[in-house]
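Reading the structure
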Amino acid sequence: MTVRGPSVRELTHHLAECPSIFLEEPVQPSGQGGVYVHAVVSDLLLDLGGEALSGQDLARFRYSSREAVREERNRLRLVLLGAWLFSHSGFQRGDERERLLSADKVHGFLATGLNPLARLVAADELLGDPDRREELARLGLDALDLVPHGEGEKEAKNRLAALSSVEREKVLAQARAAEARARAVQEQLARKQAAQAAANSYYNE
Amino acid sequence: MSEIVLTSAQRAFHQGLLEHPSAPRYNFTSTDMLTVERLAEVRAYERDFASAVFWKEGRHPDWLPDFVAQAFRTVPFYRVLGGVPKTFEAIPSFGREVLQKELSSFVPDHLCLETMTAYTTSGTQGSVLPVPTHPSVSSLLLVVTEAMLAKAGVSYPRGPGHTAIALVGYQQKTLTYASLSHHLEGAGFLKLNLAPHEWRSLEDRARFLRETSPHVISGSPYAFEKLAEIVPDLRPAALVSSAVALHKGHARKLSETFACPVFDMYGLTELRGIAGRLWEEDDLELLSPDLYVEILGDNDEPLPSGMVGEIVLTGGRNPYLPLLRYRTGDRAALVFEKVRPCLRSFEGRRAVRLEHASGEVIPSLDVVNALRDLPLAGFSLAQDKDRSLKISFCGKVDEREVRHALGELFATPTEVTAQPSWEGKPHRFRSQLEGPAF
């Protein structure tokens with residue numbers, strides 16, 4: 001049976017109004033930052049009748065090391081946006097609430113479901129870009145097996161696939177350009193070194 | 001870009017340095033790579049530098065937000081972080097191994113690669129890593145060092161007829177050349193190797209140095225020791241020591257021998273001219289207001305003034321390598337007791353005494369040079385009291401190659417161990433030998 005969630009428009013509007021606490025810096029091993037992502041997620045799961053995070057689950061929602069901050073920051077920031085998404089009142093319709101929001105599914109989505117998106121778009125950009133807000137809203141609905149209000153199941157699937165593929169193409173093109181640039185940098189450095197080496201065998205200064 | 005045309009006086013002076021009857025066998029031809037446009041930029045930098053002020057304790061420099069924003073916009077390495085954090089301190093630091101691994105992603109997207117050059121050096125903290133750099137960076141360093149020299153009332157002379165700087169070494173292999181500095185209006189810049197094999201006769205070294213009379217001489221403590229043996233009657237306006245630690249006893253002796261102030265300067269291959277002091281002083285004064293220095297703990301936590309931690313750099317003069325929180329691997333405390341912030345209790349560039357089987361000193365620079373062509377991520381060399389060596393290294397190199405390279409240099413038994421990974425400083429030296437260290 002098709003279960004309907006809030007409309008995409010409501011959710012994108014909700015995301016655009018994300019309060020500053022969900023945009024805070026996830027607390028780093030240095031102590032820098034303003035929000036403990038694992039605490040936000042735990043609160044949400046408890047609120048949904050699930051269990052607070054522990055052990056390995058908890059580790060997924062904080063930095064694994066100082067060196068990992070660069071790689072993990074965007075994912076953790078997207079987790080906060082995901083948590084904010086599920087706070088929309090449309091998911092909490094009285095008795096239906098439990099049916100719409102399953103703690104397990106929410107947990108799964110926040111733990112791993114955002115990883116592909118985190119590689120594609122920066123959290124700051126996501127909120128400023130209507131298409132990316134829509135993608136996050138649709139990803140969230142899809143993860144909970146909900147069909148957006150006012151849409152058919154197939155239409156919703158197609159729209160999500162289209163949004164993702166457009167972004168992926170853009171990102172792939174950027175990645176190709178970045179690789180070409182990196183190669184050009186390496187080649188130029190090698191050329192300069194070779195030119196110096198050709199001029200003198202003691203070229204290192 | 002328009003080439004700077006030398007005046008006839010400049011050309012004649014340069015020719016005189018090249019063809020001096022006692023000149024060394026120069027092995028390189030070099031220029032300062034300035035054009036009319038770049039010279040104008042260096043002049044503008046000099047004007048700004050003169051009026052720039054350092055940040056106050058607990059504050060950031062005024063230029064920092066724009067620098068960070070530009071780096072996040074244009075540098076692929078920083079873009080991965082996904083947007084500028086609200087606070088500067090939330091930008092994660094990184095060290096040399098990351099720089100080495102991801103070097104090409106530090107060059108900003110908008111810069112022309114044709115202008116980019118490669119800088120490598122054999123400093124004890126350097127490695128085979130070529131640093132992408134801009135042709136003007138060396139001239140900008142003159143502005144920075146001149147500000148340091150001003151503490152002792154020394155400035156570089158301008159114009160042909162003056163040898164402003166001699167960079168001296170005492171190495172098996174190094175570049176040697178004579179060039180002019182356009183920034184110093186055609187004054188001379190010499191790069192010399194005092195090792196005998198670079199000269200036509202041993203007497204030429206003293207004669208050439210006396211007759212070209214370099215105003216400021218820059219080099220390693222070991223090169224200065226040799227300089228004092230070769231030409232103790234030379235009277236430069238100042239000596240500037242770099243690369244490894246300068247011991248006070250040695251500095252005092254140099255100051256007495258050459259009757260001039262002796263400076264100790266701290267810098268890296270990646271970023272030269274970080275801090276400096278007169279040898280009598282304990283603290284190293286920061287030299288550049290355009291380089292933000294922090295002291296961080298192991299977890300990136302900023303340490304308060306006076307507490308020793310790792311020296312971390314942001315900014316710099318090299319547009320091809322914008323640094324945001326770069327861990328140097330050196331340690332110190334930062335104190336704010338003077339106009340310029342100072343590094344106190346500095347630990348870095350540790351000098352060691354290494355000896356050939358015959359007992360002759362081998363500067364650590366020569367070890368770096370001897371292993372330079374092997375693809376090593378890092379090595380750690382220790383010499384025992386009996387002069388035997390132990391080296392552990394990381395890199396795809398046959399142990400026999402490492403043993404061979406060291407055998408040629410030291411002629412002592414060597415134990416070689418390969419390591420699967422390497423972190424921290426690329427070159428580490430330890431020695432049980434007693435005597436002056438270099």
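If you're wondering where the values come from, they're calculated on a predicted model, not measured in any experiment.

Quick look at the overall build of chain B now. Across its full length, chain B carries 11 helices and 18 strands. Against the compact-globule benchmark of 22 Å for 438 residues, chain B has a radius of gyration of 22 Å, which places it among compact chains. When the 438 residues of chain B are sorted by exposure, 61% land in the buried category. Pairs at least 24 residues apart make up 66% of the contacts formed inside chain B by residues separated by at least 6 positions. Surface exposure of chain B reaches about 17,700 Å², of which carbon and sulfur atoms provide 52%.

Close inspection of predicted coordinates is inappropriate for parts of the model with low pLDDT. All names here are of chain B. The pLDDT averaged across chain B works out to 90; a share of 96% of its residues lies at or above 70. Helix H7 (residues 202-212) holds the highest mean pLDDT among the elements of chain B, 98, whereas helix H10 (residues 364-370) holds the lowest, 80. Segment residues 122-127: pLDDT under 50, and 33 contacts once partners within four positions in sequence are set aside and those in other chains are kept. Confidence metrics for the complex model read pTM 0.84 and ipTM 0.85.

Next up on the list: the sheet that holds strand S4 (residues 177-181) of chain B. Residues and elements named next belong to chain B. Judged by pairing direction, the sheet is mixed, and its 12 strands sit side by side in the order S4-S5-S3-S6-S7-S8-S9-S10-S14-S13-S12-S11 without closing on themselves. Where the open sheet ends on each side, the last strands, each with one partner, are S4 and strand S11 (291-296). Sheet twist, expressed as the mean angle between neighbouring strand axes with direction ignored, is 35°. Both strand S7 (residues 238-241) and strand S8 (residues 262-266) contribute to a ladder of 3 bridges, which runs parallel. What sits directly across from Ser241, in S8, is Asp264. Contacts from helix H3 (residues 64-74) reach S11, strand S12 (309-315) and strand S13 (323-335), with the element oriented near 145° to S13.

All names here are of chain B. Counting buried positions over the 7 residues of strand S3 (residues 163-169) gives 6, a clear majority of the element. Pairing geometry for S3 and strand S5 (residues 187-193), over 6 bridges, is parallel. Within the sheet, the bridge partner assigned to Gly169 lies in S5 and is Asn193. Pairing between S3 and strand S6 (residues 216-219): 4 bridges, direction parallel. Of the residues in S6, the one forming a bridge with Val168 is Gly219.

All names here are of chain B. Here the structure, examined in full by the defined rule, presents 34 salt bridges over all chains. For Glu146, the salt bridge is made with Arg158, and the minimal N-O distance between the two is 2.6 Å. Linking Glu146 in helix H6 (residues 137-149) with Arg158 in the loop between H6 and S3, this pair joins segments that are 12 residues apart in sequence. Note on Arg158: relative accessible area 26%, which makes it partly exposed. A salt bridge links Arg210 to Asp233; its shortest N-O distance comes to 2.6 Å. Of this pair, Arg210 sits in helix H7 while Asp233 is found in the loop between helix H8 (221-230) and S7, placing the two residues 23 residues apart along the sequence. Residue classification places Arg210 among the partly exposed positions, given a relative accessible area of 43%.

Let us look at the side chain of Glu310(B). All names here are of chain B. Here Glu310 shows up in strand S12. Its relative accessible area of 16% is what places Glu310 among the buried residues. At 2.9 Å, the side chain of Glu310 and the backbone nitrogen of Gly329 are in polar contact. With sequence-adjacent residues up to four places away left out, Glu310 is seen in contact with Glu294, Ile295, Leu296, Arg327, Thr328, Gly329, Asp330 and Arg331.

Turning to the interface of chain B and chain A, a few remarks are in order. Taken together, the 48 residues of chain B in the interface contact 35 residues of chain A. Our enumeration of links across chain B and chain A arrives at 2 salt bridges. Glu102(B) is the salt-bridge partner of Arg70(A), the closest N and O atoms lying 3.4 Å from each other. For the side of chain B that touches chain A, the residue count by class is 20 nonpolar, 14 polar and 14 charged.

Let's shift gears to the side chain of Arg327(B). As for its position among the elements, Arg327(B) is in strand S13. A polar side-chain atom of Arg327(B) sits 2.9 Å from a polar atom in the side chain of Asp300(B). A polar contact of 2.7 Å, which involves the side chain of Arg327(B), links it to the side chain of Glu310(B). With residues near it in sequence (within four places) discarded, Arg327(B) still touches Arg66(A), Ser93(B), Phe94(B), Gly95(B), Arg96(B), Leu296(B), Gly297(B), Asp298(B), Asp300(B), Glu310(B), Ile311(B) and Val312(B).

Attention now goes to unusual backbone geometry. Residues and elements named next belong to chain B. At Arg325, a position not held by glycine, the phi torsion is positive, near 60°. One non-glycine residue with positive phi stands out, namely Ser345, at about 55°. Within the element layout of this structure, Ser345 appears in strand S14 (residues 342-347).

Residue and element names in this part refer to chain B. Counted according to the given criterion, the structure contains 22 aromatic pairs over all chains. The interplanar angle of 90° and the centroid separation of 5.7 Å between the aromatic rings of Tyr170 and Tyr222 together place this pair among those described as edge-to-face. Within this pair, whereas Tyr170 is found in the loop between S3 and S4, its partner Tyr222 is found in helix H8, the two being separated by 52 residues in sequence. Judged by relative accessible area, Tyr170 falls into the buried class, the value being 17%. Plain terms: the ring middles of Phe379 and Phe429 are 5.7 Å apart, the flat faces sit at 80° to each other, and that makes the pair edge-to-face. In this pair, Phe379 sits in strand S15 (residues 376-383) while Phe429 sits in strand S18 (residues 427-431), placing the two residues 50 residues apart along the sequence. Assessed through its relative accessible area of 2%, Phe379 is described here as buried. Three or more aromatic residues joined by ring pairs make a cluster, and in this case those are Phe72, Phe77, Tyr78, Phe94, Phe106 and Tyr326. Sitting above the plane of the Tyr170 ring, Lys226 keeps its charged end 4.9 Å from the centroid.

Rules behind the numbers
Residues numbered from 1 in each chain as written. Chains lettered and ligands numbered in written order. Predicted model: local features only at pLDDT ≥ 70, side-chain atom pairs only at ≥ 80, totals over all residues. Heavy atoms only, no water. Helix = DSSP H or I, 4+ residues; strand = E, 2+ residues; numbered from the N terminus. Rg over C-alpha atoms; globule rule 2.2 N^0.38 Å. Buried < 20%, exposed > 50% of the residue type's maximum accessible area, 1.4 Å probe, protein only. Contact = heavy atoms within 4.5 Å. Areas by Shrake-Rupley, 256 points an atom, 1.4 Å probe, with all protein chains shown as cover. pLDDT = per-residue confidence, 0-100. Pairing = 2+ DSSP bridges. Axes fitted to C-alpha atoms, helices over the stretch in contact; angles between N-to-C directions. Salt bridge = Lys/Arg side-chain N within 4 Å of Asp/Glu carboxyl O. Polar contact = N/O pair within 3.5 Å; in protein donor to acceptor, adjacent residues only side chain to side chain. Nonpolar A, V, L, I, M, F, W, Y, C, P; charged D, E, K, R; others polar. Phe/Tyr/Trp six-rings, centres within 6.5 Å; stacked < 30°, edge-to-face > 60°. Lys NZ or Arg CZ within 6 Å of the ring centre and 35° of its normal.

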